[in-house]
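Listed here are the chains, written in short residue letters.
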Amino acid sequence: QAANNDEDALLIFSGGETRPAAGPLNEGSSYFHVADAMNLWEGTVRSRSMTEEFATDSFENLLFSICRFHEITGHYPTKITTISFSFKQRRFQELHAPALQWPADQFEYIGVDPPASSGFDLQASSQGEANNAARPFEGDPYGCSSPVLIAKRKGRNPFSRTPPYTMTCPDMTTLLKWCGPQIIPQDQVPWGNSIKS
């Protein structure tokens, strides 16, 4: 719906081949196929929908999708809208976007949760998010030095895929390789001087 409301928007489904039991099928394409099977498309959104097929965690979902946008359009987005569970909002808005030096006024988050009747427990999910998912990123914003986050990325790459983004987005190479723990300087990201915060 959000993409349908903006005819200039590009919808990117992000996620790699993260589950051994699923075989070499990536999450990004799976989401696209589900939307097809359930006929969820509105207007021209299907023709403006793409996939990102290498991300293994939420930080990479955001980072790699920016590069994927650039691969498709030849420029970086001027606004990012992320759609996921509501309990992940703080992680994206207060940890991931700032780690990429993405301006707060150019970032929007839309939280969507399953109904309680499905068995989804928002309170339990929120607690798990705070204690297990978000906390490691607080001390390791790029997910590359914490043993917990390193192990998660390794475990979610069972087919040993290597993202191509340093080749397809060479001006993002410094960011793609940045390990912190300090936040990357604004002048080291491609949008640092082109997007006003």
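Residues numbered from 1 in each chain as written. Predicted model: local features only at pLDDT ≥ 70, side-chain atom pairs only at ≥ 80, totals over all residues. Heavy atoms only, no water.

Participant: It is not clear to me how the state of the cysteines should be interpreted in this structure. Could you clarify?
Facilitator: Two cysteines whose sulfur atoms are joined by a covalent bond form what is called a disulfide. One pass over the structure, following the stated rule, counts two disulfides. There is a disulfide in this structure between cysteine 67 and cysteine 169, and the S-S distance comes to 2.0 Å. Between cysteine 67 and cysteine 169 the disulfide shows an S-S torsion of about 100 degrees. By sign, it is right-handed. Of this pair, cysteine 67 sits in helix α2 (residues 58-73) while cysteine 169 is found in the loop between α6 (165-168) and α7 (173-177), placing the two residues 102 residues apart along the sequence. Take cysteine 67: its relative accessible area is 0%, and that puts it in the buried class. Among the residues examined, cysteine 169 registers a relative accessible area of 0% and is labelled buried. For cysteine 144, the disulfide goes to cysteine 179, at an S-S distance of 2.0 Å. An S-S torsion of about 130 degrees defines the bridge between cysteine 144 and cysteine 179 as right-handed. (Disulfide = S-S within 2.5 Å. Helix = DSSP H or I, 4+ residues; strand = E, 2+ residues; numbered from the N terminus. Buried < 20%, exposed > 50% of the residue type's maximum accessible area, 1.4 Å probe, protein only.)

Participant: Honestly, the packing of aromatic side chains in this entry has me stumped. Any pointers?
Facilitator: In this structure the tally under the stated criterion is 13 aromatic pairs. Residues phenylalanine 54 and tyrosine 165 carry aromatic rings whose centres are separated by 5.9 Å and whose planes lie at 85 degrees to one another, so their mutual orientation is edge-to-face. Taken together, the positions of phenylalanine 54 in the loop between β2 (49-52) and α2 and tyrosine 165 in helix α6 put the pair 111 residues apart, joining distant regions of the chain. Under the relative-accessibility criterion, phenylalanine 54 is labelled buried at 18%. Judged by its relative accessible area of 3%, tyrosine 165 falls in the buried class. Considering the side-chain rings of tyrosine 76 and tryptophan 191, the 5.4 Å spacing of their centres and the 70 degrees angle between planes classify their relative orientation as edge-to-face. Taken together, the residues span a long stretch of sequence, with tyrosine 76 in the loop between α2 and β3 (80-84) and tryptophan 191 in the segment after α7 at a distance of 115 residues. Like tyrosine 76, the residue tryptophan 191 is buried in the burial classification. (Phe/Tyr/Trp six-rings, centres within 6.5 Å; stacked < 30°, edge-to-face > 60°.)

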